[in-house]
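Structural characterization, general
The residues making up each chain are set out below.
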Amino acid sequence: MSLALSLLAAGAFVAFLFPRLVRRGLAAPRIPETGRPAGIPWRTVRIPTARGKTLHAWFIPPRGATPAPAVAVLHGWGGNAETLLPLARPLHLAGHGLLFFDARCHGNSDDDDFASLPRFAEDLEHALDWLARQPQVDARRLGVVGHSVGAAAALLVAARRPGLGAVVSLAAFAHPARMMERWLDGKGIPRWPLGQLILWYVQRTIGHRFDDIAPCHTIRQVRCPVLIAHGSDDATVPVAEAREIHANRAHDRVELRILTGGHDDCQDLDRVLADLARFLDSSLGPGGDPKENAPRTGGALGAACSRGAPMRPAPR
């Protein structure tokens, strides 16, 4: 009888308690925005996405002549649309339309039963579709900037969307399984057997094998230009993973930039902004009237940017 009860208790744990504990442990913190775009025209929009949900977003229309190229900007795990706002003013001055949005379960977007890399990618697909329908936007010249899991989602979308014009990947991890293993180590959870059970459960829940959505693999299917930027002191995702993604590229239009900084901050602000503007202009074409656009120099772009650095999370 005691053995039967023990088996019953173990079965109940696996069937009911284990999934709840894993989902609770992996859930992203929801941090609403405390700021908004400043000094440039913008409007708040709601974008429909999968499963009948909607996304909160800020649309910044392009300046100068339209239709113009546009860029969807996607934060990382636990971030929100405010996270990458330092990019808004300099890229707007360069003539690009911009869409900063919250993924599901983040910021002010709708909740869902869980968030995941594939769902970040779903939300990004819907954001790009929304951008393509705007009269100020040239639907043939769309790009993506993503940070961390948002960067991994950007590469996944680019692998599926051959018409995408450009991808900027900031601090992407090479493989979700390794990211999960670092999370297990940080929680003191043994990789075997409990860790392997958690990895199996996560793959089953999200409906995708980690190998199929890993940036070090999806980069092989990406045909558009890609800029991979990564902090040399990143303690969350080792810089070696950026080099791994770059090494697996399918063509020579994939650039790698190693920056001074960590996962969520960057000391090379002028260099980042200058590289982003140059890369997007060369990949998507300059936006608006070139005579009205900001000079393509690090100092000018850095001065145009509000204080702070790309990849810095919103205040908690």
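Above this text sits the structure in question.
All right, on to the pattern of salt bridges then. Applying the stated criterion to the full structure yields 22 salt bridges. Arg-51 serves as the salt-bridge partner of Asp-113, at 3.5 Å between the closest nitrogen and oxygen. Within this pair, whereas Asp-113 is found in the loop between β4 (97-101) and α3 (117-132), its partner Arg-51 is found in the loop between β1 (43-48) and β2 (54-60), the two being separated by 62 residues in sequence. A salt bridge links Asp-129 to Arg-161; the shortest N-O distance between them is 2.9 Å. Note that Asp-129 is positioned in helix α3 and Arg-161 in the loop between α4 (149-160) and β6 (166-170), a separation of 32 residues in sequence. Of the residues examined, Asp-129 reaches a relative accessible area of 31% and is grouped as partly exposed. One network of salt bridges, with partners in common, ties together Arg-51, Arg-104, Asp-112, Asp-113, Arg-119, Glu-122 and Asp-123.

Below, the discussion takes up the packing of aromatic side chains. In this description, a pair of aromatic rings is defined by centroid distance and the angle of the planes. Inspection of the entire model under this criterion finds 3 aromatic pairs. Relative to Trp-58, the ring of Trp-42 has its centre 6.2 Å away and its plane inclined at 70°; by these criteria the two rings are edge-to-face. Of this pair, Trp-42 sits in the loop between α1 (2-26) and β1 while Trp-58 is found in strand β2, placing the two residues 16 residues apart along the sequence. Look at Trp-42 and you get partly exposed, because its relative accessible area is 26%. Arranged with centres 5.3 Å apart and planes meeting at 80°, the rings of Phe-59 and Trp-130 form a pair that is edge-to-face. In this pair, Phe-59 sits in strand β2 while Trp-130 sits in helix α3, placing the two residues 71 residues apart along the sequence. According to the relative accessible area criterion, Trp-130 is buried, its value standing at 9%. Taking the ring centre of Phe-114 as reference, the NZ or CZ of Arg-119 above it sits at 3.7 Å.

Rules behind the numbers
Residues numbered from 1 in each chain as written. Predicted model: local features only at pLDDT ≥ 70, side-chain atom pairs only at ≥ 80, totals over all residues. Heavy atoms only, no water. Salt bridge = Lys/Arg side-chain N within 4 Å of Asp/Glu carboxyl O. Helix = DSSP H or I, 4+ residues; strand = E, 2+ residues; numbered from the N terminus. Buried < 20%, exposed > 50% of the residue type's maximum accessible area, 1.4 Å probe, protein only. Phe/Tyr/Trp six-rings, centres within 6.5 Å; stacked < 30°, edge-to-face > 60°. Lys NZ or Arg CZ within 6 Å of the ring centre and 35° of its normal.

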